[in-house]
Amino acid sequence: RALVTGDEHALFNDPEVKTVTYLAKDSMVKFLKPKYIVRHDLLDCYSISHHHRNSVFTKYAKYISGTNNIEDELKKTVEFVKETTPKNTINLVVPSNHNDHLTRWLNEADPKLEPWNAVLYHKLMYRMLERTSMESNGVSHPNPFELYCDDTFSKAGYKVEFLKRNVSFKIDDIEIGMHGDVGQNGARGSRGQLSNLPSKTIIGHSHSPGIEKGCYQVGTSSYLKMEYNTGPSSWLHTHCIIYPNGKRQLLNIINGRWRA
């Protein structure tokens, strides 16, 4: 029924994981033929990350390497989805904290200080403001990542649906619309906390897979060593499968293999 990927981070997606998951002759998607591919943290937003705002060395390295351009990163992410989507497969993009960094950038950035990103900033900001409104329960605004991708996939024949924050989306009786970064009543999310919900769930976010009660948590599809994880690590390349009978299974990718 579905392949729920470990957090994808397209810009830092491990090539071995991509091959084993999508491209090899005996890859997961070619062997299991999922109807849905559920994608967590698809867009990394490294190019405009607020975590780098006060890091002189990171900003300098991004500048000299050309990795500070958000439109370049968005284009690479779109191409990643196209390259990894089999025919007739439906992509579900889960609202995730890294995807949301794009909204935060629009809220907080000064385009005069980022001339290389200024044109896209103003294009996205204009389209966001056009669609921002006051609803009965507060302010409503669109997802800028979805706006950027608007028509891009459909015109090319790809099926991509962006799920909404705080809106349930279930495959059979399994809730797959939560990333795991936000927990009950707005608290920080965790596998333990979300395991107390009355429905089965599959989440991502921590890069550390596990099962607690009815909550299954995938790992990551990125490199296992990134600049922000230090010390002993529990990160693992792990996806989750939903079978036609509704059963779930975590599948690890170890040494370039996902099965014996």
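Residues numbered from 1 in each chain as written. Predicted model: local features only at pLDDT ≥ 70, side-chain atom pairs only at ≥ 80, totals over all residues. Heavy atoms only, no water.

Asks: Residue-level account of the packing of aromatic side chains, with values.
Replies: Within this structure, the stated rule accounts for 6 aromatic pairs. The aromatic ring of tyrosine 46 is capped on one face by lysine 62, whose charged end is 5.2 Å from the ring centroid. The ring of phenylalanine 31 has arginine 259 lying over it, and the distance from NZ or CZ to the ring centre is 4.1 Å. (Phe/Tyr/Trp six-rings, centres within 6.5 Å; stacked < 30°, edge-to-face > 60°. Lys NZ or Arg CZ within 6 Å of the ring centre and 35° of its normal.)

Asks: Could you give me a rundown of the packing of helix α5 (residues 97-108) against helix α6 (residues 118-130), with the residues and numbers involved?
Replies: The contact between α5 and α6 brings their axes to 11 Å, and the two run at 95 degrees. For the element pair α5 / α6, the angle class is roughly perpendicular. Residue-level inspection shows Leu102, Trp105 and Leu106 of α5 in contact with α6, the latter providing Tyr121, Leu124, Met125 and Met128. Taken together, the residues that form the contact of α5 with α6 break down as 7 nonpolar, no polar and no charged. (Axes fitted to C-alpha atoms, helices over the stretch in contact; angles between N-to-C directions. Helix = DSSP H or I, 4+ residues; strand = E, 2+ residues; numbered from the N terminus. Parallel < 35°, antiparallel > 145°, perpendicular 65-115°, else oblique. Contact = heavy atoms within 4.5 Å. Nonpolar A, V, L, I, M, F, W, Y, C, P; charged D, E, K, R; others polar.)

Asks: An account of unusual backbone geometry is needed here, citing residue identities and associated values.
Replies: Notably, cysteine 45 is not glycine yet its phi reads approximately 65 degrees, a positive angle. Here the phi dihedral of aspartate 172 falls at roughly 55 degrees; this positive angle occurs in a residue that is not glycine. Considering the arrangement of structural elements, one finds aspartate 172 in the loop between β7 (170-171) and β8 (174-175). Among the residues examined, aspartate 172 registers a relative accessible area of 40% and is labelled partly exposed. (Buried < 20%, exposed > 50% of the residue type's maximum accessible area, 1.4 Å probe, protein only.)

Asks: Give a description of helix α1 (residues 15-23) that names residues and reports values.
Replies: Within the sequence span of α1, burial applies to Val17, Lys18, Val20, Thr21 and Tyr22. Of the surrounding secondary structure, the elements contacted by the buried residues of α1 are β1 (2-4), α2 (28-32), β2 (36-39), α4 (70-83) and β12 (238-242). A distance of 2.9 Å separates the backbone nitrogen of glutamate 16 from a side-chain oxygen at the start of α1, and that oxygen is part of aspartate 14. (Polar contact = N/O pair within 3.5 Å; in protein donor to acceptor, adjacent residues only side chain to side chain.)

Asks: Kindly report on the sheet that holds β8, identifying the contributing residues and their values.
Replies: Overall, mixed pairing links the 5 strands, which are arranged β7-β8-β9-β11-β10 in an open sheet. One side of each edge strand has no neighbouring strand; the edge strands of this open sheet are β7 and β10 (210-212). Where β10 and strand β11 (residues 215-217) come together, 3 bridges link them in antiparallel fashion. The partner of isoleucine 211 across the bridge, within β11, is tyrosine 216. (Pairing = 2+ DSSP bridges.)

Asks: Kindly report on a nonpolar patch on the surface, identifying the contributing residues and their values.
Replies: Where nonpolar side chains cluster on the molecular surface, the patch consists of Tyr60, Tyr63 and Ile64 and spans about 390 Å² of accessible area. Along the chain, tyrosine 60 turns up in helix α3 (residues 56-65). (Patch = residues over 30% accessible without salt bridge, like charges linked within 9 Å, V, L, I, M, F, W, Y side chains within 5 Å. Areas by Shrake-Rupley, 256 points an atom, 1.4 Å probe, with all protein chains shown as cover. Salt bridge = Lys/Arg side-chain N within 4 Å of Asp/Glu carboxyl O.)

Asks: Just give me the short version of the side chain of threonine 220, but keep the residues and values in it.
Replies: Tracing the backbone through its elements, the reader meets threonine 220 in the loop between β11 and β12. Among the polar contacts made by the side chain of threonine 220, one reaches the main-chain carbonyl oxygen of aspartate 7 at a distance of 3.3 Å. Leaving out residues up to four positions away in the same chain, threonine 220 has contacts with Gly6, Asp7, His9, His207, Trp235, Leu236, His237 and Thr238.

Asks: Quick rundown of the pattern of salt bridges? Include the residues and the values.
Replies: Per the counting criterion, the structure on display carries 13 salt bridges. Between glutamate 108 and arginine 104 there is a salt bridge whose closest N-O contact spans 3.2 Å. Placement of the pair is glutamate 108 and arginine 104 together in helix α5, with a separation of 4 residues, close to one helical turn. The shortest N-O distance in the salt bridge between lysine 112 and aspartate 110 comes to 3.3 Å. Overlapping salt bridges bring together Arg53, Arg104 and Glu108 as one network.

These figures come from the coordinates and say nothing about function on their own.
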